[in-house]
Amino acid sequence: ILMAVLGFYVLPRAFSGIKHWLHKIILQSVSDIVSNFWEQQSERMREARKEREIKKVEDNDNKRKERLENQLLLDTSVLIDGRILDIAKTGFLLRDVVIPEFVIKELHQLADSKDPMKRKKGRRGIDIVRQLKKDVTVYLESNGLSQELVSQGVDGALVEYAKMYKMILVSLDFTLNKVASFKDLKVININDLANALRINLLPGEELNLKIATKGQGKNQGVGYLDDGTMVVVAEGESQIGNVVLVKIKKSLQGSSGKMFFGEIVKNDESLNESQSASE
């Protein structure tokens, strides 16, 4: 009876329990192995995807740097001034134009201002941006600067943006130009360009000039060339409103541009010179 109980009841139940236990251990082991394998594969896939995304961002950033390097970065003052559009129309603007989004945002803020003058300037700047697109390639860039830096001021953001992508900063702001130059950035001031393109008269040259107003010195008169250059004429106060022949004596380069000084050529002097020339 004991052998029968042991053979037909105890042993089968013991073997069944051992089999179930072994089966459970094997399944758990296989499950752990498969789970660990997929976790490792998933981690590798995530790392590979992350690396691809980082590489894609780096590639895009490198392409962006190549595209923006040595291009013209315009600030708000240049767009409001508007002369950049005239330069573009003449074909002398040989580089692409870059306008960051924080500059556009500042123009919109000016355009929405309650101050009529600021509102007029903002709208003019926005119109200049629209017209520039017809004559040159304009990149309206979403800047990669931190919001904290942008919030501290547009001027500082422009300097950092120009430094980041090695662009040429174009501005009429004297302080901004000085700061950019101090940080070894390339800077262009349209006022300097305008002064460089003014008429250059040599001492002894003569021209017909209308005396427009009184000068600061005694008996001085003041006339203006076609480009707006001032000519101070000695003894010209009595000729205000008249066109006279003026001989240039000297020129003076000031902070506001070049200024010429001259004197009225008398009729007998002019006659003698014409006779000498004919002889």
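Residues numbered from 1 in each chain as written. Predicted model: local features only at pLDDT ≥ 70, side-chain atom pairs only at ≥ 80, totals over all residues. Heavy atoms only, no water.

Mind laying out the packing of helix α4 (residues 101-111) against helix α7 (residues 154-165), listing which residues take part and the relevant values?
α7 packs onto α4 with a crossing angle of 160° between their chain directions and a minimal axis gap of 10 Å. Considered as vectors, α4 and α7 are oriented roughly antiparallel to each other. The interaxial crossing formed by α4 with α7 has left-handed handedness. Here F102, V103 and E106 of α4 lie close against α7, whose contacting residues are V154, A157 and L158. The class makeup of the residues in the contact of α4 with α7 is 5 nonpolar, no polar and 1 charged. (Axes fitted to C-alpha atoms, helices over the stretch in contact; angles between N-to-C directions. Helix = DSSP H or I, 4+ residues; strand = E, 2+ residues; numbered from the N terminus. Parallel < 35°, antiparallel > 145°, perpendicular 65-115°, else oblique. Left-handed = near helix turned anticlockwise from the far one by under 90°. Contact = heavy atoms within 4.5 Å. Nonpolar A, V, L, I, M, F, W, Y, C, P; charged D, E, K, R; others polar.)

Run through the pairing of strand β7 (residues 221-224), naming residues and quoting values.
Where strand β6 (residues 206-214) and β7 come together, 3 bridges link them in antiparallel fashion. Note on β7: the bridge partner recorded for K214 is G221. Hairpin geometry of β6 and β7 is characterised by an intervening segment of 6 residues between the two adjacent antiparallel strands and by a positive phi of about 60° at N219. Bridging between β7 and strand β8 (residues 230-234) involves 4 bridges; their strand directions are antiparallel. Bridge pairing in β8 links G221 to V233. Hairpin connection between β7 and β8: a loop of 5 residues separates the two successive antiparallel strands, and G228 in this loop has a positive phi of roughly 95°. (Pairing = 2+ DSSP bridges.)

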